[in-house]
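Examination of the molecular architecture
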Amino acid sequence: MVMTMATINLNYDKLGSGYLFPQIAERTQIFLDKNQDAKIMKLGIGNTTEKLVPSIIEALHDSVDNLAHNETYTGYGDEQGNSILRNLIAEQYAARGIHIEPSEIFVSDGAKPDSANIQSIFGQGIVAVQCPSYPVYVDTNVIDGRTGEFDEETQQYEGIVYMPCTAENDFFPEVPTGKVDIIYLCSPNNPTGAVATKEQLQTFVDYAIDNKAVIIFDAAYAQYISDPNLPKSIYEVPGAKECAVEICSFSKSAGFTGVRLGHTVVPMDLVVEDTERKQLNTTWNQRQTRFFNGASNISQDGGLAALSEQGLKESQSVIDYYMENARIIKEGVESLGFTAYGGVNAPYVWMNTKGMKSWDFFDKLLEETHVVGTPGVGFGPNGEGFIRLSAFGHREDIEEAVDSMIQNLKM
Ligand code: PL4
């Protein structure tokens, strides 16, 4: 009998050298090994640093205590999430004039898993991404076989439509000229910090309806928008419920980067038509019930507190704190003569490196100032010549980092 072996999904071989964020950590560690006394200031990975607010901490403690007694213990919950939390999320939308049914909301363990997994419910098709963008969108489509090989010359995967986001178009792309099927949009944008206006989103909603495409809208940083004229949800745009999925997170709004909680909205009106008409909500429900056992009950209890009046108020002060960091960073680099974007309704400052390649500037910044940024090219070829600075950090570290750049950066 001929024995066959298990084989591996060869699409993994198409992925480049490594995932951006561990690459930054590795490069920083190499520097630290050579410069053991150096104090590194991390403005690289967008990771929250401030403690959870009191109302959330209290709810998390209560949740753990509930697990200590048979009377209040809970085991598996619904895969789609705690119904009270889904109702509360629906109420948050309603408060902004958007009608979303709890059955359209799927609670998850974060926006990264959802933005990675959502592609698995689609058949093959053409994917369009903003360039630059959060690498998860492209890489997960590579793994699922929607692309060809990586082209070293163009720094692009064959088969993906890269929609350039540059200073010339205010970091928001034109709709594709040809037909695409799945479109990823992120606003407030990682990495550019640009926030799409309703008019800009409307162009994509109209395109998606006309072309039977689906928009995956990543709103992980929505709570950082303070301008009341800018949309926090794509559902503020007419027609979006017919063509868009929205992915949200408690990571940056409530400091849950380690606690883990998010949600995805898949509207009932979102119907795809290939061999037959299918509600995407049903397909995502099939996916989640087979692959996911629900977010942790402790996280969800924390989420309930985060969305309470007190929780929202307390968390807003932490968001304000990070946004003050963003202001300090942006003003600091501008005082050095750099052109910087973002950092106003978004926690990322997107800094032009004055003609240097992103990774070269990353090394220079690290060596001369001990500040870690994220090389723009890691988000796609249009990010070349930029570095992203994150506003997530303790104030004293942010101030020290900016001072170090002002004192030590030789340009
Ligand atoms: C490093 C546009 C950060 N290891 O925490 P989640 O899963 O709810 O949200 C992750 C996420 C989703 N969508 C967007 C994001 O920017 C993020 C987080 N990105 C960054 O520095 O760009 C953290 C990256 C983390 C990761 O791979 O996500």
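For the structure, check the block above.
In this text, all values refer to a predicted model and were calculated from it rather than measured experimentally. (Residues numbered from 1 in each chain as written. Predicted model: local features only at pLDDT ≥ 70, side-chain atom pairs only at ≥ 80, totals over all residues. Heavy atoms only, no water.)

**Quick notes on helix α2 (residues 54-66)**
Threshold: Only runs of H or I of at least four residues qualify as helices and only runs of E of at least two qualify as strands under DSSP, and these elements are numbered from the N terminus. An expected span of 1.5 Å times one less than the residue number is assigned to each helix. Each residue gets one of three labels from its accessible area relative to the maximum for its type: buried under 20%, exposed over 50%, partly exposed in between, using a 1.4 Å probe on protein chains only. What the arc describes is the spread of directions from the helix axis to the C-beta atoms.
Across its 13 residues, α2 extends 18 Å between first and last C-alpha, which sits within 8% of the 18 Å expected from 1.5 Å per residue. Of the positions making up α2, those classed as buried are S55, I56, A59, L60 and S63. Seen from one end, α2 has its buried residues packed into an arc of 135 degrees, which puts them on one side. More than 90 degrees from the buried face of α2, the exposed residues found are P54, E58 and H61.

**What to know about a negative patch on the surface**
Applicable threshold: Only residues above 30% relative accessible area that lack a salt bridge enter a patch, with like-charged residues linked at up to 9 Å and the nonpolar side chains Val, Leu, Ile, Met, Phe, Trp and Tyr linked at up to 5 Å. All accessible areas in this document rest on Shrake-Rupley with a 1.4 Å probe, and a residue is counted as covered only by the protein chains that are shown. Throughout this description, the term salt bridge denotes a Lys or Arg side-chain nitrogen within 4 Å of a carboxyl oxygen of Asp or Glu. Counted as positive: Lys and Arg. Counted as negative: Asp and Glu. His and the chain ends are not counted at all. Taken as the charge centre is NZ of Lys, CZ of Arg, CG of Asp or CD of Glu, depending on the residue.
A surface patch of like charges, here negative, comprises D13, E149, D151, E152, E153 and E158. Locating E149 in the fold gives a position in the loop between α5 (136-143) and β4 (150-151).

**Concerning the environment of N117**
Along the chain, N117 turns up in helix α4 (residues 111-117). According to the relative accessible area criterion, N117 is partly exposed, its value standing at 23%. Residues N117 and W284, 167 residues apart in the sequence, show an inter-C-alpha distance of 9.6 Å.

**Remarks on the packing of helix α1 (residues 20-34) against helix α11 (residues 358-369)**
Filter applied, for reference: Angular values range over 0 to 180 degrees, each being the angle between N-to-C directions of two axes fitted as lines to C-alpha atoms, with helices fitted over their stretch in contact. What sets the label is the angle itself: under 35 degrees gives roughly parallel, over 145 gives roughly antiparallel, 65 to 115 gives roughly perpendicular, and the rest give oblique. We call a crossing left-handed when the near helix sits turned anticlockwise from the far one by less than a right angle, and right-handed when that turn is clockwise. Working rule for contacts: check all heavy atoms of both residues, and any pair within 4.5 Å makes them a contact. Note on residue classes: Ala, Val, Leu, Ile, Met, Phe, Trp, Tyr, Cys and Pro are nonpolar, Asp, Glu, Lys and Arg are charged, and everything else, Gly too, is polar.
Two numbers describe how α1 lies on α11: the axes approach to 11 Å, and their chain directions differ by 40 degrees. Viewed along their axes, α1 and α11 adopt a mutual orientation that is oblique. Helix-helix and strand crossings are classified by hand; for α1 and α11 the assignment is right-handed. Here L20, Q23, I24, R27, T28 and F31 of α1 come into contact with α11, specifically with W359, F362, D363, L366 and E367. When grouped by side-chain class, the residues that make up the contact of α1 with α11 number six nonpolar, two polar and three charged.

What is shown is where atoms sit, not what they do.
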